[in-house]
Amino acid sequence: GAGVSQSPRYKVAKRGQDVALRCDPISGHVSLFWYQQALGQGPEFLTYFQNEAQLDKSGLPSDRFFAERPEGSVSTLKIQRTQQEDSAVYLCASSLGAGAGNTIYFGEGSWLTVV
Amino acid sequence: EDQVTQSPEALRLQEGESSSLNCSYTVSGLRGLFWYRQDPGKGPEFLFTLYSAGEEKEKERLKATLTKKESFLHITAPKPEDSATYLCAVQAPSSASKIIFGSGTRLSIRP
């Protein structure tokens, strides 16, 4: 497709369960970002990839969160032993150039509810 | 600490009633200020990037302006389809990859 694609769109996980969220960026985009958005708040930065290299993971809230982009295209955000406070929308975004100074295109997000 | 504050939190206007949304920022050395539109259940959609004080950008009924401490998103003669949450964000000076978002302004336009 032409835009950033995320799956699943909706996920309900039991507390303690592991989840994996997938992102297909726009083809050819060098940069890939993951953001977390709580209800009624703006997105908060989690991590950044330039091609396959994870250059910034300063926003990951704990060591339960892990992201990868092994071939420089598709990325997966994994959350281990989910907690209720992990409930949020997880947004993936991509841009053609390196860094955050270029136009960034967001996907529609993966809505995670931990019960 | 780098921060972005948007006001008001919510704004209800009548169709055709022009207004402005405010975004105040405190960053040491602005590298770029962004405006996004977010519809319910969707990801943010890019609108504008501003880089320096005095800069203005326009798109249809929207105009974004920038000063040294804040940005305004002016909406002229809005229509119901302009209803959305408008997000302001700045590129973090300390990072080439991080954008800091405000909490947004929820705009509702009544027909």
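Anything mentioned here points back to the structure above.
Let me sum up the structure you'll find in this document. (Residues numbered from 1 in each chain as written. Chains lettered and ligands numbered in written order. Predicted model: local features only at pLDDT ≥ 70, side-chain atom pairs only at ≥ 80, totals over all residues. Heavy atoms only, no water.)

1. Re the overall build of chain A
And then number 1: Assigned secondary structure in chain A consists of zero helices and eleven strands.
And then number 2: Start at the N end of chain A and walk to the C end: the helices and strands fall as β-β-β-β-β-β-β-β-β-β-β.
And then number 3: Here the C-alpha radius of gyration of chain A, 13 Å, is about what a compact globule of 115 residues would show, namely 13 Å.
And then number 4: For chain A, with 115 residues in total, the buried portion stands at 47%.
And then number 5: Relative to all contacts within chain A whose residues are 6 or more apart in sequence, the contacts with residues 24 or more apart total 53%. (Helix = DSSP H or I, 4+ residues; strand = E, 2+ residues; numbered from the N terminus. Rg over C-alpha atoms; globule rule 2.2 N^0.38 Å. Buried < 20%, exposed > 50% of the residue type's maximum accessible area, 1.4 Å probe, protein only. Contact = heavy atoms within 4.5 Å.)

2. A short note on the overall build of chain B
And then number 1: Looking only at helices and strands, chain B features zero helices and eleven strands.
And then number 2: Going from the N terminus to the C terminus, chain B shows its helices and strands as β-β-β-β-β-β-β-β-β-β-β.
And then number 3: A globule of 111 residues ought to have a C-alpha radius of gyration of about 13 Å, and chain B, at 13 Å, matches this closely.
And then number 4: Per-residue burial for chain B yields a buried fraction of 47% across its 111 residues.

3. Overview of the interface of chain A and chain B
Many analyses report the size of an interface as the accessible area lost when the parts associate.
And then number 1: Across the contact, 22 residues belong to chain A and 19 residues belong to chain B.
And then number 2: Taking both sides of the interface into account, the surface hidden between chain A and chain B amounts to around 1600 Å²; carbon and sulfur atoms contribute 53%.
And then number 3: One salt bridge connects A:E108 with B:K42, and the closest N-O pair in it is separated by 3.0 Å.
And then number 4: For the pair chain A and chain B, the interface holds nine residue pairs in polar contact (both at pLDDT 80 or more).
And then number 5: Contributing elements (two or more residues each) for the side of chain A that touches chain B: β4 (31-37) and β5 (44-50) of chain A. (Buried area = accessible area lost by both parts, 1.4 Å probe. Salt bridge = Lys/Arg side-chain N within 4 Å of Asp/Glu carboxyl O. Polar contact = N/O pair within 3.5 Å; in protein donor to acceptor, adjacent residues only side chain to side chain.)

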